[in-house]
Amino acid sequence: MKRKSEFFLCRVINDESGQTLIWTALMIAMLVGVGGLTVDLGRAYVSYRELQASTDAAALAAASQLPITTTNKSSNTVSSTATKYSSVSGNYNAFANLNTPVALTGAAITVTPGCVNVSGLPQCDTGLLANAVQVTQSVKIPTYFIRVLAAFGIQSAKSLTLSATATAQMRGAQRGPYNVAMALDTTQSMTKPDGGSNCSGTKIQCAEQGAQIMLSQLSPCLPGTTCGTATAGNVTNPVDEVSLFTFPPQTAGTQVGNDEGCTAKTPSEIAYPDSTAYATVSHSTPTMPPVGTATGDLTTANLQTLVNQYQVVPLSSNYRSSDNTTGTSPLTVASSGGSSTAPSIVDAVGGNSYFWGKSCTGMDAKGGESTFYAGALFVSQEYLAANARTNATNVLVLLSDGDANGGTMSAGNSNLNSNGSYPSAINQCQQAIDIATAAKAAGTKIYVVGYGVASGGCEVDTNGLTACQTLRSIASSDQNFFVDGSSTKCAGATSVTVGGVTDTLGAIFTAIVGDLTLPRLLPNTIAFTPTS
Amino acid sequence: MTSHCKKQSITARVHSWSGSNEEGQALVEFALVASMLLVVITGILIFGIFEMQLMSLTEGVNSAGRVLAVSAGLTLDPCAAAAQAVQNAAPLLSPSNLSYQIVLNPTPASGSTTAQTYSGASCSSTSTTTGAPGYLVSGGSVTVTAYAKKCSLAIFGKNFLPGGCQIYQTITEIVQ
């Protein structure tokens, strides 16, 4: 038996007829397999990587056009922007691999807006229909080696269908560059104790603590760097600059040091300076007058006059010493701010008294004038347009009870319009809406914080506007409109809950600063609810 | 195992082939086939390396595009940021063989007329508003292209990418 098998083995080894043919057949089969793996699958991997890269780009581009709200539902550009940055033929990332004639069917895209629930970032509600977007692209590419398997009946080996999905959210990445102008109400009513659960002090103190939250979270200088020394309030390469305005105007020239209170605090309010001699904003076609010398322009000198009176601190970035300062001293100023001649914005909102025990207890609400915030909006916007960095988005934050009712803007003042166009004694709420409309058209993003808003209001408006309606119309969208818990429940206002508390100034300012971030990609496994 | 069968050495087979004996024929056939197989196997290897390089480059460019998309106003040197991102994401490519081009278009809607092109691994500025960083603005577009030279797609001297072997990959992203 043993000898027989050995004999057979010898015969197989030494019998060479047909041997090469078998070897070659085996090797060719093997090589087609290996070649298929390297060439076909390698190509497929490269194509897939390109598809995923362009899908990510499309999703992020789409996220930059979010949110979709009830207002822009029919006119939003989410889908068209996604397509523009996709691999679909004729668009920015139309890789040759992914389009005919190389591919069997070129890249096709599906854009699905929807909602994700990420804490601290804008949530979907009745007004906000989509805060995220999911983009899927697919493409069918041919195979070259493994298509021989089709000869054995595996027809699917002729092509590979690739599909890539990316999910992006409208906010949540790092902070972009912003020029922020905060306009705070400093009328007499702000000296009263807080009517809600915002803080334990007076209303102006609560408002200033809200501003501190902004300052503790914005980015003073480039990520990962220390800010260095500030010159005239600004560090070398600022990211977010913040300016502070008040209404009624508290400041006039050298008064600044007194108002923010690092030295003896003797703020003095002045009458609203607004006059048709400076510039006007038409009610029928509201546009911001440019700074210039032509008829109707706001001259540089007049702008400076208005700014001197409304503004407490110019655009500055010395509110923290580095981008990532955390812990118990979030408001360490970049330079030795806080002198009486050059107060930092941190001093003005009392930040250094809370954290460093300095004597700067923040601005007081001197009051003495009634509310007229159209002027503050006008000056803030003109100041931003004339002074802000062009590569940063302009942001206006208005904190008020919304009830514009006069003061020195009374009838009979010959410096005012009588037709309801800014500046005018009548329709003061409507004037603010007009200016906000013009400011938004100029690219400024407006956040409104209603603080102690009462129902009704706007007594000097002839068209029946309420404070709630006015504040809502001023905000860029309902998602940028908040009212605190002590206010009447305004229609359209977005409710925010941060850290378990709802609609306090702290939660509201955290939401605002959280909204000032860039879109980011999310894992595709996140719970995603498509918008119907 | 003790073998009782007759074995032939390779030299004996070749020797016998010099005559009219056909016993060595298989070896010659094998040699012919083997050389062909060697070409194919080498080809597979070279294509594999080539695709690996292309994939690394795609990955690197994708990463660089993503970095620049969120760097408006946050960087003083977009070229260096892009180059660093490519190198980080493509460790298999030698940095000395890589070159870069970034195109910053502040207003993509108006076509390429406003586009600024920068080549090289640095385009630093002292300010985020001047020089190259000044063109990296929100709503604009950024196109990152990376080139890798000395890639291998030559099989036994036959170059499948004539005109110098250089692969490149590109991506365009919106600037957030």
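Only a predicted model underlies this, so the values are computations on that prediction, with no experimental measurement involved. (Residues numbered from 1 in each chain as written. Chains lettered and ligands numbered in written order. Predicted model: local features only at pLDDT ≥ 70, side-chain atom pairs only at ≥ 80, totals over all residues.)

Moving on, we get to the overall build of chain B. Helix and strand counts for chain B come out as four helices and six strands. Looking at chain B as a whole, 38% of its 176 residues are labelled buried. For chain B, the proportion of contacts with a sequence separation of at least 24, taken over those separated by at least 6, is 65%. (Helix = DSSP H or I, 4+ residues; strand = E, 2+ residues; numbered from the N terminus. Buried ≥ 20, exposed ≤ 12 C-beta atoms within 10 Å, placed from the backbone. Contact = placed C-beta atoms within 7 Å.)

Helix and strand counts for chain A stand at 12 helices and 15 strands. Every one of the 532 residues in chain A was classed for burial, and the buried ones make up 54%. A separation of at least 24 residues holds for 71% of the contacts in chain A among residues at least 6 apart in sequence.

So, on to the interface of chain B and chain A. On the side of chain A, 44 residues touch chain B, which itself brings 38 residues to the contact. Every element with two or more residues in the side of chain B that touches chain A is listed here: helix H2 (25–69) and strand E6 (166–174) of chain B. Examining the composition of the side of chain B that touches chain A, we find that 18 residues originate from one element, H2(B), more than from any other. Of the residues in the side of chain B that touches chain A, the class split is 18 nonpolar, 14 polar and six charged. (Nonpolar A, V, L, I, M, F, W, Y, C, P; charged D, E, K, R; others polar.)

In this section: the packing of H2(B) against helix H3 (residues 78–89) of chain B. Residue and element names in this part refer to chain B. One way to put it is that H2 packs onto H3 with a least axis distance of 7 Å and a crossing angle of 145°. For the pair H2 and H3, the sense of crossing is right-handed. Between H2, through Glu59, Gly60, Val61, Ser63, Ala64, Val67 and Leu68, and H3, the contact on the second element is made entirely by Pro78, Ala81, Ala82, Ala85, Val86, Asn88 and Ala89. (Axes fitted to C-alpha atoms, helices over the stretch in contact; angles between N-to-C directions. Left-handed = near helix turned anticlockwise from the far one by under 90°.)

A few words on the confidence of the model for chain B. All names here are of chain B. Residue-level pLDDT values for chain B average 81, and 78% of them are 70 or greater. At the level of individual helices and strands, chain B shows its lowest average pLDDT in helix H1 (residues 10–18), which scores 56, and its highest in H3, which scores 93. The ipTM assigned to the predicted complex is 0.81, against a pTM of 0.80. (pLDDT = per-residue confidence, 0-100.)

As a further point, take helix H4 (residues 203–217) of chain A. The end-to-end C-alpha distance of H4(A), which contains 15 residues, comes to 22 Å, matching closely the 21 Å that a straight helix rising 1.5 Å per residue would cover. Most of H4(A) sits inside the fold, with 14 of its 15 residues counted as buried. (Expected span 1.5 Å × (residues − 1).)

Residue and element names in this part refer to chain A. Domain parsing of chain A yields domain 1 (18–169) and domain 2 (178–334 + 365–516). Summarising the inter-unit geometry, the C-alpha centres of domain 1 and domain 2 are found 47 Å apart. Contacts between domain 1 and domain 2 engage eight residues on the former and seven residues on the latter. For the side of domain 1 that touches domain 2, the residue count by class is four nonpolar, four polar and no charged. (Domains from an automatic or database assignment.)

Residues and elements named next belong to chain B. Taken in spatial order, the four strands of this open sheet run E2-E1-E3-E6, and their pairing is antiparallel. At either margin of the open sheet sits one strand with a lone partner, and together these are strand E2 (116–119) and E6. Direction aside, the axes of adjacent strands within the sheet are offset by 15° on average. In this structure, strand E3 (residues 141–149) lies alongside E6, joined through nine bridges in antiparallel fashion. By the bridge assignment, Val144 is partnered in E6 with Ile171. Contacting strand E1 (98–105), E3 and E6, H2 crosses the sheet at an angle of about 30° to E6. Along the sheet face, H3 touches E1, E2 and E3 and points at about 130° away from the line of E1. (Pairing = 2+ DSSP bridges.)

All names here are of chain A. Two elements in contact, H4 and helix H12 (residues 505–515), have axes whose closest approach is 9 Å; the angle formed by their N-to-C orientations is 30°. Relative to H12, the element H4 lies roughly parallel. The two elements H4 and H12 cross, and the hand of that crossing is right-handed. Only Leu505, Gly506, Ile508, Phe509, Thr510, Ile512 and Val513 of H12 make contact with H4, whose side of the interface consists of Cys206, Ala207, Gln209, Gly210, Ile213, Met214 and Gln217. Residue composition of the contact of H4 with H12, by class: nine nonpolar, five polar and no charged. (Parallel < 35°, antiparallel > 145°, perpendicular 65-115°, else oblique.)

All names here are of chain B. Checked against the element boundaries, Ala81 lands in helix H3. In this structure Ala81 comes out as buried when scored by C-beta crowding, with 20 C-beta atoms within 10 Å. On a C-alpha basis, the gap between Ala81 and Ser122 in space is 8.5 Å, while along the polypeptide they are 41 residues apart. If near-sequence neighbours (up to four positions away) are discounted, Ala81 is found in contact with Val67, Leu68, Ser71 and Thr75.

All names here are of chain A. Taken in spatial order, the six strands make up an open sheet running E8-E7-E6-E9-E10-E11, and their pairing is mixed. What marks the edges here is a single partner per strand, and that holds for strand E8 (311–316) and strand E11 (481–483). Direction aside, the axes of adjacent strands within the sheet are offset by 15° on average.

With that out of the way, let us pick up unusual backbone geometry. All names here are of chain A. Of the consecutive residues Thr100 and Pro101, the connecting peptide bond is found in the cis state with omega at 10°. Note on placement: Pro101 falls in the loop between helix H3 (78–84) and strand E2 (105–115). Cis peptide bonds are those with omega within 30 degrees of zero, and the linkage from Phe247 to Pro248 qualifies with 0°. Notably, Asn427 is not glycine yet its phi reads approximately 50°, a positive angle. Inspection of the secondary structure assignment puts Asn427 in the loop between strand E9 (393–400) and helix H10 (428–441). Although it is not a glycine, Asp503 adopts a positive phi angle of roughly 55°. Counting through the fold element by element, Asp503 comes out in the loop between strand E13 (501–502) and H12. By the C-beta count within 10 Å, which is 25 here, Asp503 ends up buried.

Further remarks concern the nonpolar core. Residue and element names in this part refer to chain A. With 96 residues, the main nonpolar core has Ala183, Leu377, Val397 and Leu398 as its most contacted residues. A per-element tally of this core places helix H9 (residues 373–387) first, with nine residues. In contact with Val397, not counting residues within four places along its chain, are Val180, Met182, Ala183, Tyr447, Val449 and Ile512. Counting 80 residues, the second largest nonpolar core, distinct from the first, contains Leu128, Ala130, Ala166 and Cys227. (Core = buried A, V, L, I, M, F, W, Y, C linked by C-beta atoms within 7 Å.)

Another aspect to go through is the pairing of strand E4 (residues 132–142) of chain A. All names here are of chain A. Two strands pair when backbone bridges link them, and E2 and E4 are joined in this way by eight bridges, in the antiparallel orientation. What sits directly across from Thr105, in E4, is Lys140. Here E4 runs beside strand E5 (residues 159–169); their pairing, made up of 11 bridges, is antiparallel. Residue Val139 lies in a different strand from E5, and its bridge partner there is Leu162.

This paragraph deals with the environment of B:Pro108. Residues and elements named next belong to chain B. Along the chain, the position of Pro108 falls in the loop between E1 and E2. Here the alpha-carbon distance between Pro108 and Ser141, two residues 33 residues apart in the chain, equals 6.0 Å. Ignoring anything within four residues of it in the chain, the contact list for Pro108 reads Gly140 and Ser141.

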